[in-house]
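Here are the chains, one letter per residue:
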Amino acid sequence: MTMLANAKKYDLPITRAVFGPEEAAAVQEPLASGWVVQGPKVAEFEGKFSAYTGAGHSIAASSCTTALHLAVKALGLKPGDEVIVPAFTWVSTANVIEYEGAKPVFCDVDLATFNIDVEQAASLVTDRTVGLLPVHLFGLCADMPGVNALAEKHGLWVVEDAACGFGAWIGERHAGTFGDAGCFSFHPRKSITTGEGGMVTTDDERLAAACRSLRDHGASRTDHQRHHAKAAFLLAEYRVVGYNYRMTDIQGALGSVQMDRADAILDRRRAVAAGYDARLRGVEWLDAPLVPEGYVHGYQSYVTLFRPEAPTLANVEALHERRNALMMRLEEMGISTRQGTHAPVLLDVYRDKYGLRPEQFPNAVLADRLSLTLPVATQMTDADLDAVVEELQANFA
């Protein structure tokens, strides 16, 4: 536990990235070689990611948002189409559907897991529905057997928003390998990071080729391929309108070393989560994360539900104020907490456009207003965990 002499009592951020001399050395290699754009280090990172997750292809991108956009674009999403998305997720899940002039159809979530309610999703399928975009929120896989069964029944594609899904498994299968494509984030709050960055995973060779082209302006071959072939002076062919969604080789070098640390990072995050689980067993007003049988949680975040009484839409605002007051007291002491994520159905951009009402998505609203994320970092000690839980209880009102 880090004690600050002249400031706050604790120094516990919501997370800390894991960097060492290996990362510092790795990012210098592209600088020394002069190849800093998408190139050999990105390819190395992609190869390690495929080996870890079991995906047939991994295609690096500049963020998870751009990875999601590549996936839905490559699958042929077009204006007028509908895609079912969870009502409790980061806004980019819905945004990438809007990018193509299609409509995100919001589905409520299971409050116990924070993931999409597959039973309700089944009721939302129309003749305009083309796909499902489940989210593996906070590091727990969505009900992918249920999602895939629904997709197969109606002939829909599936893109997994696995932004938080690194290290998440159902049985022997890793997140991002259940659907047509999976999309990961390497933002600094994720278990492994490249600063910003994303990855598309797929077993579909044609989909992989389309994503590789689209991320690079629609080019028929990459700059790295062109510069290592004859007639490097000739530009690639451009047969489709693409984007500049490339990852740099500096990021790829960082990601490659982070992959070498992946097991150690995930093991430690799970140990921290287990420490919280044990300490929170007697705290009846805070629901710890649920891990269904056969699932392995990656613990991108440790997200609890603040519920000193059974939450409803009638009492949620009063409970929300109590949660926020507790979080403020912890912040003043130097213990960082966060709302889990937001419900896009409550944001102006979607609420106003589609006339959405809270009562349509009660669990998403409760999750938005009452989720409470505790710090998780590989560097945390037992004393840190003791402090967080002790201060939670001491400041609860």
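Residues numbered from 1 in each chain as written. Predicted model: local features only at pLDDT ≥ 70, side-chain atom pairs only at ≥ 80, totals over all residues. Heavy atoms only, no water.

**Concerning the pairing of strand β2 (residues 82–86)**
Next, step 1: Burial within β2 is extensive, with five of its five residues counted as buried.
Next, step 2: Both faces of β2 are covered, namely the face carrying E82, I84 and P86 and the face carrying V83 and V85.
Next, step 3: Sheet topology places β2 next to strand β3 (residues 103–107); five bridges connect them, and they run parallel. Within the sheet, the bridge partner assigned to P86 lies in β3 and is C107. (Buried < 20%, exposed > 50% of the residue type's maximum accessible area, 1.4 Å probe, protein only. Helix = DSSP H or I, 4+ residues; strand = E, 2+ residues; numbered from the N terminus. Pairing = 2+ DSSP bridges.)

**Quick word on helix α7 (residues 205–214)**
One turn of an α-helix holds 3.6 residues; hence residues three or four places apart share an orientation.
Next, step 1: For α7, the set of buried residues is L207, A208, C211, S213 and L214.
Next, step 2: Where α7 is buried, its residues touch β1 (57–61), α3 (64–74), β8 (181–185) and β9 (198–202).
Next, step 3: Residue D204 occupies the N-cap position of α7, its side-chain oxygen lying 2.9 Å from the main-chain nitrogen of R206. (Contact = heavy atoms within 4.5 Å. Polar contact = N/O pair within 3.5 Å; in protein donor to acceptor, adjacent residues only side chain to side chain.)

**Focus on the sheet that holds strand β6 (residues 169–170)**
Strand pairing in a sheet is mediated by backbone hydrogen bonds. Such pairs are either parallel or antiparallel.
Next, step 1: Taken in spatial order, the three strands of this open sheet run β7-β6-β11, and their pairing is antiparallel. Strand pairing shows two members of the sheet lacking a second neighbour, β7 (173–174) and β11 (295–296), which therefore form its edges.

**A look at the sheet that holds β1**
Next, step 1: Read across the sheet, seven strands follow the order β1-β9-β8-β5-β4-β2-β3 without closing on themselves; strand pairing throughout is mixed. Here the strands that pair on one side only, and so sit at the sheet edges, are β1 and β3. Neighbour-to-neighbour, the strand axes of the sheet open up by a mean angle of 25 degrees, direction not taken into account.
Next, step 2: As defined by bridge partners, β2 adjoins strand β4 (residues 129–132) across three bridges and the pair is classed as parallel. Paired with E82 across the bridge in β4 is T129.
Next, step 3: This element, helix α2 (residues 40–53), spans β1, β8 and β9 of the sheet and lies at about 135 degrees to β1. (Axes fitted to C-alpha atoms, helices over the stretch in contact; angles between N-to-C directions.)

**Concerning the packing of aromatic side chains**
To describe a pair of aromatic rings, one takes the distance between the centres and the angle between the planes.
Next, step 1: Applying the stated criterion across every chain yields a total of 17 aromatic pairs.
Next, step 2: Ring geometry for F45 versus F49: centroids 6.3 Å apart, planes at 75 degrees, classification edge-to-face. Taken as a pair, F45 and F49 lie in helix α2 at a separation of four residues, close to a single helical turn. In this pair, the class of F45 matches that of F49, namely buried. (Phe/Tyr/Trp six-rings, centres within 6.5 Å; stacked < 30°, edge-to-face > 60°.)

**Remarks on the packing of helix α10 (residues 262–279) against helix α14 (residues 382–395)**
Next, step 1: Where α10 meets α14, the closest approach of the two axes is 10 Å, and the angle between their N-to-C directions is 40 degrees. As the angle between them shows, α10 and α14 are arranged oblique. Seen along the crossing, α10 lies across α14 with a hand that is right-handed. Touching V272, G275, Y276 and R279 of α10 are D382, L385, D386, V388 and V389, all from α14. (Parallel < 35°, antiparallel > 145°, perpendicular 65-115°, else oblique. Left-handed = near helix turned anticlockwise from the far one by under 90°.)

**Quick look at the pattern of salt bridges**
Next, step 1: Per the counting criterion, the structure on display carries 23 salt bridges.
Next, step 2: A salt bridge links K41 to E44; the nearest nitrogen and oxygen atoms lie 3.9 Å apart. Separated by three residues within a single helix, K41 and E44 lie in helix α2, roughly one turn from each other.
Next, step 3: For K41, a relative accessible area of 19% gives the class buried.
Next, step 4: One salt bridge in this structure joins K73 and E100, with 3.2 Å as the shortest N-O distance. Highlighted residues: K73 in helix α3 and E100 in the loop between α4 (92–99) and β3, separated in sequence by 27 residues.
Next, step 5: Of the residues examined, E100 reaches a relative accessible area of 11% and is grouped as buried. (Salt bridge = Lys/Arg side-chain N within 4 Å of Asp/Glu carboxyl O.)

**Looking at the pairing of β1**
Next, step 1: Among the five residues that make up β1, five are buried, leaving the element largely enclosed by the rest of the structure.
Next, step 2: On β1, burial covers both faces: H57, I59 and A61 on one face and S58 and A60 on the other are all buried.
Next, step 3: Direction of pairing for β1 relative to β9: antiparallel, over a ladder of five bridges. Bridge pairing in β9 places H57 opposite T202.

**Some remarks on the environment of D386**
Next, step 1: With respect to the element layout, D386 can be found in helix α14.
Next, step 2: According to the relative accessible area criterion, D386 is partly exposed, its value standing at 30%.

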